[in-house]
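Breakdown of the fold
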Amino acid sequence: SIRQSRGRFYGTGRLVAGIEWTAKQVRAADPSAPPMAIGDLSAKNGGDVSHHRSHENGLDADILLAWKDSDGKPVFAEDFVSLPARGAASYGGRKIYFDVARTWLIVKALATNPHMKVEMAFLDQSLINALLDHAAKAGEDKALISKASRMLDHWKGHSDHLHIRVQ
């Protein structure tokens, strides 16, 4: 599900194919998962995009975090929702929580994507730590965790989405 309200939904063929493949992998791994929400890509003809230092050439995308309710059921949040330092976020008048397991499925699919090579994925360090800890506890392959660790990079202001850049 791509947010189209700002007209920033253009990307290279490999970026779009890679995002579609990622979404299919997440859905295959967890059929109860809501659609993967996408924020900004690039403007139709490229160039500067407000509120971004990049997103100028079709190689960047914002993939929103996965969320759940207090019962652990998936919540579809199609807008950027910042994760507070502790506790629940608020979306649509209700409390929602960071879904580390479903967000890990996104990261795992990005790290193994045959359509695009993710050069970097910016995210808040506390979320990176939670994702890698979850992967280790879930028994994920150590080589995959290492690849994801190299791909994930802390960047301030990324507590509501993964910003990916592809080659």
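The following refers to the structure shown. Since the model is a prediction, treat every value here as computed from it, not as a measurement.

Regarding the overall build of the protein chain
Helix and strand content of the protein chain: 4 helices and 8 strands. Tracing the protein chain from N to C terminus, the helices and strands come up as α-β-β-β-β-β-α-β-α-α-β-β. Here the protein chain holds 167 residues, and the buried ones make up 44% of them. Accessible area of the protein chain: about 8,600 Å², with a carbon and sulfur share of 49%.

Observations regarding the sheet that holds strand 2 (residues 67-68)
Taken together, the 4 strands give an open sheet; going across it, the order is 3-2-5-4, and neighbouring strands pair in antiparallel fashion. With partners counted over all chains shown, the strands left at the sheet margins are strand 3 (74-75) and strand 4 (89-91), one partner each. Across 2 bridges, strand 2 lies against strand 3 in antiparallel orientation. Residue pairing in the sheet places W67 in a bridge with V75 of strand 3.

A short note on the pattern of salt bridges
In total, this model carries 5 salt bridges according to the counting rule given. Between D99 and R102 there is a salt bridge whose closest N-O contact spans 2.4 Å. There is no split in this pair, since D99 and R102 are both buried. Linking E140 and K108 is a salt bridge whose minimum nitrogen-to-oxygen distance equals 3.2 Å. Of this pair, E140 sits in the loop between helix 3 (125-137) and helix 4 (142-151) while K108 sits in helix 2 (residues 100-111), and the two are 32 residues apart along the sequence. The buried category is assigned to E140, whose relative accessible area is 19%. Each of the salt bridges in this network shares a partner with another, and the network as a whole consists of D30, D99 and R102.

Things to note about the packing of aromatic side chains
Taken as a whole and judged by the stated rule, the model has 1 aromatic pair. When the ring of F122 is compared with that of W155, the centres are 4.7 Å apart and the planes differ by 35 degrees; the resulting orientation is tilted. Note that F122 is positioned in strand 6 (residues 118-123) and W155 in the loop between strand 7 (152-154) and strand 8 (161-166), a separation of 33 residues in sequence. In this structure F122 comes out as buried when scored by relative accessible area, which is 12%. With relative accessibility at 36%, the residue W155 sits in the partly exposed group.

Describing the nonpolar core
With 42 residues, the main nonpolar core has W67, L110, L162 and I164 as its most contacted residues. The greatest single-element share of this core, amounting to 6 residues, is contributed by helix 2. Excluding residues that lie within four positions of it along the chain, L162 makes contacts with A61, D62, I63, I106, V107, L110, A121, F122, L123 and L152.

Thresholds applied
- Residues numbered from 1 in each chain as written.
- Predicted model: local features only at pLDDT ≥ 70, side-chain atom pairs only at ≥ 80, totals over all residues.
- Heavy atoms only, no water.
- Helix = DSSP H or I, 4+ residues; strand = E, 2+ residues; numbered from the N terminus.
- Buried < 20%, exposed > 50% of the residue type's maximum accessible area, 1.4 Å probe, protein only.
- Areas by Shrake-Rupley, 256 points an atom, 1.4 Å probe, with all protein chains shown as cover.
- Pairing = 2+ DSSP bridges.
- Salt bridge = Lys/Arg side-chain N within 4 Å of Asp/Glu carboxyl O.
- Phe/Tyr/Trp six-rings, centres within 6.5 Å; stacked < 30°, edge-to-face > 60°.
- Core = buried A, V, L, I, M, F, W, Y, C linked by side-chain atoms within 4.5 Å.
- Contact = heavy atoms within 4.5 Å.

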